[in-house]
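Observations on chain architecture
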Amino acid sequence: PTFRPLQPSKMAELTFDRAGYVDLLRKLIGENRNLQNNPPTNVPQEDLASEHVLRALEPYTTEKGGPLVIRRETFVKGRGNILIEYPCANKDAPYVSFVGCHLDVVPANPDDWDFNPYELSINGDELRGRGVTDCLGHVALVTELFRQLAISKPQLKVNVCGVMIANEENSSESGIGIDELVRRGMISHLKKGFVYWVDAADKQPCLGTAGMVPWQLKAKGKLFHSGLPHQAVNPMEMCMEAVKYMQDRFYQDFPPHEDEAKYHFVTCSTMKPTQWHYPGGGVNQIPAECTVCGDMRLTPFYSAEKAANSLKSYVDTLNKDISQLPTRGPVSKYTLPDEKLTGTLELTIMGEKMSGIACSITSDGHKVLCDATAEVLGECKPYSLTGSLPLVKELQDDGFDLQIIGYGLMKTYHAKNEYGLLSDFEQGFQVMAKLIAKHSARQI
């Protein structure tokens with residue numbers, strides 16, 4: 001592309017309508033009880049949210065004489081995706097796209113909250129309710145951006161697109177959201193240009209996220225009276241030692257990577273337990289089995305598939321000779337030769353593995369994002385984290401030039417008492433408007 005200074009344009013006239021933004025967000029949060037995504041208990045109906053988006057933008061659609069081209073693409077009834085386009089005069093011009101803000105939310109238990117998660121409440125600059133940070137606040141933000149584009153009608157040399165998606169919070173079901181849009185080629189034209197994935201936090205560019213592999217380890221022993229532990233195989237002790245062995249092997253095979261510092265990752269790859277289950281029984285019983293669950297978080301320089309296979313190999317090694325594990329005390333054991341009984345371990349990879357992403361730090365999309373962020377916030381301090389985002393790596397692999405942005409608060413992601421700051425979303429609006437203007441000015 002040809003680089004030239006940004007010329008004054010109607011983009012400078014775009015103004016964030018605080019009252020309009022809050023009004024739309026109030027309507028979206030008011031639907032969030034039915035946007036919770038945790039099947040089979042909670043199956044979201046994303047159309048309840050997208051109806052408010054469509055009504056807010058309806059006066060500015062081509063059908064009403066406006067500039068916006070809007071359509072809803074639905075693959076499962078009641079769970080549509082919204083595509084919005086502000087086209088420029090040149091249909092072959094590149095795209096600047098804001099993709100990924102989603103219409104579903106994680107569940108909330110109102111008994112745990114200090115305020116009602118199912119309605120928007122305001123405390124000074126705080127906008128409070130389930131979905132403000134993740135991700136209905138961004139849905140309202142992208143809607144407001146396109147509303148202001150339609151009002152000001154700047155003459156651009158790029159096409160601007162927004163894609164609001166269903167079913168981001170549940171990777172166990174496919175064929176509903178952006179995965180199906182990609183599979184059907186409905187957003188392939190966005191590869192010509194720059195995609196900004198709008199589902200992060202804290203206003204600074206997010207350079208990378210982690211892959212994630214959820215795992216379950218079941219240990220099977222022998223139930224017996226705790227006063228006669230020499231006649232039992234204690235699955236809890238076996239499981240504890242097995243997890244330690246697996247962790248030791250993991251950190252040998254997936255040590256801190258040299259590129260993690262360049263991408264400002266806050267931690268290296270990790271493997272750890274997060275849940276513990278056993279069938280129940282008296283405190284004086286050694287149970288017959290127990291299960292521990294956890295995950296591996298992998299910086300994007302390691303393969304999730306390779307890590308899953310490595311974990312399986314660790315367990316296979318133990319099952320070939322379970323006696324190699326350290327025992328707990330002089331009578332603890334994992335085999336009972338007289339009974340021809342040996343403790344066993346069963347590993348299950350739970351659900352879909354998720355790949356991490358390292359965004360390009362040499363692309364124009366990244367450079368323009370850093371410039372726009374610095375102009376609005378006074379500094380640009382990109383970061384990476386070992387949280388995980390679904391689908392972004394697959395989009396990158398499919399040829400999309402993808403960067404990650406977001407304007408909620410990381411500390412309230414998926415948390416009780418979720419909130420975001422109105423001033424942060426206003427700055428997000430300003431950054432996004434600058435992204436459009438700068439990309440437009442760089443075209444021949």
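Let me sum up the structure you'll find in this document.

Looking now at the nonpolar core. Core analysis: the largest hydrophobic core is formed by 59 residues, its most contacted members being Y21, F98 and I436. Sorting elements by how many residues they give to this core places helix 3 (residues 132-152) first, with eleven residues. Ignoring sequence-local partners within four residues, the contact set of I436 consists of M11, V96, F98, L145, L149, L156, V158 and V160. A242, C290, L298 and L325 belong to the second-largest nonpolar core, a separate cluster that totals 29 residues.

This next bit is on the pairing of strand 9 (residues 211-220). Put simply, side chains in a regular strand alternate between the two faces of the sheet. Extensive coverage of strand 9 is indicated by the burial of seven of its ten residues. Pairing between strand 9 and strand 13 (residues 289-298): ten bridges, direction antiparallel. By the bridge assignment for strand 13, P214 is matched with D295. Two elements, strand 9 and strand 16 (residues 344-349), share six bridges in a ladder whose sense is antiparallel.

A separate point is unusual backbone geometry. A cis geometry characterises the amide bond from P39 onward to P40, with omega recorded as 5°. Between D134 and C135 the backbone carries a cis peptide bond, its omega angle lying at 10°. Among the structural elements, C135 can be located in helix 3. The residue K203 is not glycine, and still its phi comes out positive at about 75°.

A few words now on the packing of aromatic side chains. Using the criterion set out here, one finds ten aromatic pairs in the structure. With a centroid separation of 5.5 Å and 90° between ring planes, the pair formed by W113 and F115 is classed as edge-to-face. In this pair, the class of W113 matches that of F115, namely buried. Where F250 meets Y251, the ring centres are 5.1 Å apart and the plane angle is 85°; that geometry is what we call edge-to-face. Residue F250 is classed as buried on the basis of its relative accessible area of 0%.

Right, let's get into the pattern of salt bridges. What the rule picks out here adds up to 27 salt bridges. Salt-bridge contacts for R184 lead to E180; the nearest nitrogen and oxygen are separated by 2.8 Å. Residue classification places R184 among the partly exposed residues on the basis of a relative accessible area of 47%. Through salt bridges with shared partners, a single ionic network connects D47, E51, R55 and R72.

The end-to-end C-alpha distance of helix 8 (residues 364-377) is 20 Å, a good match for the 20 Å that 14 residues give at a rise of 1.5 Å each. Among the residues making up helix 8, those that are buried are D364, G365, H366, V368, L369, C370, A372, T373 and V376. The inward-facing, buried residues of helix 8 abut strand 7 (193-198), strand 8 (206-209), strand 19 (402-405) and helix 10 (422-441). At the exit of helix 8 stands G378, carrying a positive phi of roughly 90°.

Each value, and the rule that gives it
- Residues numbered from 1 in each chain as written.
- Predicted model: local features only at pLDDT ≥ 70, side-chain atom pairs only at ≥ 80, totals over all residues.
- Heavy atoms only, no water.
- Core = buried A, V, L, I, M, F, W, Y, C linked by side-chain atoms within 4.5 Å.
- Buried < 20%, exposed > 50% of the residue type's maximum accessible area, 1.4 Å probe, protein only.
- Helix = DSSP H or I, 4+ residues; strand = E, 2+ residues; numbered from the N terminus.
- Contact = heavy atoms within 4.5 Å.
- Pairing = 2+ DSSP bridges.
- Phe/Tyr/Trp six-rings, centres within 6.5 Å; stacked < 30°, edge-to-face > 60°.
- Salt bridge = Lys/Arg side-chain N within 4 Å of Asp/Glu carboxyl O.
- Expected span 1.5 Å × (residues − 1).

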